[in-house]
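An overview of the molecular structure
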Amino acid sequence: YKAKDQNWKSPRKLVELLVETASKGGNLLLNVGPMADGRFPEPAIERLEAVGGWMAVNREAIYGSWASRFAKPVGFRSTTQARRCNLFLTDWPTAPLLLPGLRTMPTRVELLGVPGASVRVVETTAGLALQVPEEAPAGLLPCVVLHFADDWQVIAPRG
């Protein structure tokens, strides 16, 4: 703890840290505490409210999930659930986003918080890839959920 440290992480950075930690099977602990008078610093409240708003939409992709099955994802992080793969898009793709090693076609694809968004998984010569709308949705870090009829599989690439 450093009382004079005012180098606050942005809400986006905090969500990225949360997703990165969850994608590796961990839990994130934030070092946030009250001031001497018992109040929380305003920058902490602002950031916690922003992260809380993001969690209100995306909590099902974090709670009850475990580490990613993807060996070396590019442009996304992911968490795993029995019949779901949650893809957090760190860079909004302008072309189909390759899902390296994914071997199971999802039965349904959704962009959390954006009902009816046109998202799908397509077969390409390089493997299965995610297609998303041209524009990224508003918010801190979008999450696309791949739903599967049964357990799903990712084969780690060689090399």
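Please refer to the structure higher up on the page.
Presented here is an overview of the structure given in this document.

1. Considerations on the overall build of the protein
Each helix and strand counted, the protein has two helices and seven strands in total. Its helices and strands in sequence order give the protein the pattern α-α-β-β-β-β-β-β-β, from N to C terminus. Of all 159 residues assigned to the protein, the portion counted as buried reaches 35%. Pairs at least 24 apart in sequence give 64% of the contacts found in the protein among residues at least 6 apart. Accessible area of the protein: about 9,700 Å², with a carbon and sulfur share of 52%. Computing the positive centroid from 18 side-chain charges and the negative centroid from 15, the protein places the two 7 Å apart.

2. Here we look at the pairing of strand β4 (residues 108-111)
Alternating residues of β4 divide into Val109 and Leu111, all buried, and Arg108 and Glu110, none buried. Inspection of the sheet shows β4 paired to strand β7 (residues 143-147) by four bridges, in the antiparallel sense. Paired with valine 109 across the two strands is leucine 146, which belongs to β7.

3. Looking at the layout of surface pockets
Computed from the structure, the second largest pocket encloses a volume of approximately 250 Å³. Lining the second largest pocket are 16 residues, and of these Leu18, Ala22, Gly26, Asn27 and Ile62 lie nearest its centre. When residues of the lining of the second largest pocket are traced back to their parent elements, those giving at least two are α1 (11-23) and α2 (42-58). Ranked by residue count, the leading element in the lining of the second largest pocket is α1, at four residues. Split into classes, the residues belonging to the lining of the second largest pocket amount to 11 nonpolar, five polar and no charged.

4. Focus: the sheet that holds strand β6 (residues 127-131)
Reading across the sheet, the three strands line up as β3-β6-β5 and stay open at both edges, with antiparallel pairing between neighbours. Whereas interior strands pair on both sides, the edge strands pair on one side only; in this sheet they are β3 (97-98) and β5 (120-124). The pairing of β5 with β6 spans five bridges and is classified as antiparallel. Paired with arginine 120 across the two strands is glutamine 131, which belongs to β6.

5. Let's talk about the nonpolar core
In terms of nonpolar packing, the biggest core is built from 21 residues, with Leu87, Leu89, Leu99, Leu102, Leu130 and Leu146 touching the most fellow members. Broken down by secondary-structure element, the contributors of at least two residues to this core are β2 (84-89), β4, β6 and β7. It is β2 that provides the largest number of residues to this core, a total of three residues. Leu18, Val51, Leu112 and Val145 belong to the second largest nonpolar core, which has 15 residues in total.

6. Points about the pattern of salt bridges
In total, this model carries eight salt bridges according to the counting rule given. Between arginine 12 and glutamate 16 there is a salt bridge, and its shortest N-O distance comes to 2.6 Å. Here the residue arginine 12 and the residue glutamate 16 both occupy positions in helix α1, the gap between them amounting to four residues, near one helical turn. Judged by relative accessible area, arginine 12 falls into the partly exposed class, the value being 27%. The exposure class of glutamate 16 is partly exposed, given its relative accessible area of 26%. Where arginine 47 meets glutamate 46, a salt bridge forms, and the shortest distance between an N and an O atom there is 3.9 Å.

What counts and what doesn't
Residues numbered from 1 in each chain as written. Predicted model: local features only at pLDDT ≥ 70, side-chain atom pairs only at ≥ 80, totals over all residues. Heavy atoms only, no water. Helix = DSSP H or I, 4+ residues; strand = E, 2+ residues; numbered from the N terminus. Buried < 20%, exposed > 50% of the residue type's maximum accessible area, 1.4 Å probe, protein only. Contact = heavy atoms within 4.5 Å. Areas by Shrake-Rupley, 256 points an atom, 1.4 Å probe, with all protein chains shown as cover. Lys, Arg positive; Asp, Glu negative; His and termini not counted. Charge placed at Lys NZ, Arg CZ, Asp CG, Glu CD. Pairing = 2+ DSSP bridges. 1 Å grid on protein atoms, 1.4 Å probe; cavity = no way out; pocket = protein on both sides within 12 Å on 5 of 7 lines; lining within 4 Å. Points joined across faces, edges and corners; volume = space filled by probe spheres on them. Nonpolar A, V, L, I, M, F, W, Y, C, P; charged D, E, K, R; others polar. Core = buried A, V, L, I, M, F, W, Y, C linked by side-chain atoms within 4.5 Å. Salt bridge = Lys/Arg side-chain N within 4 Å of Asp/Glu carboxyl O.

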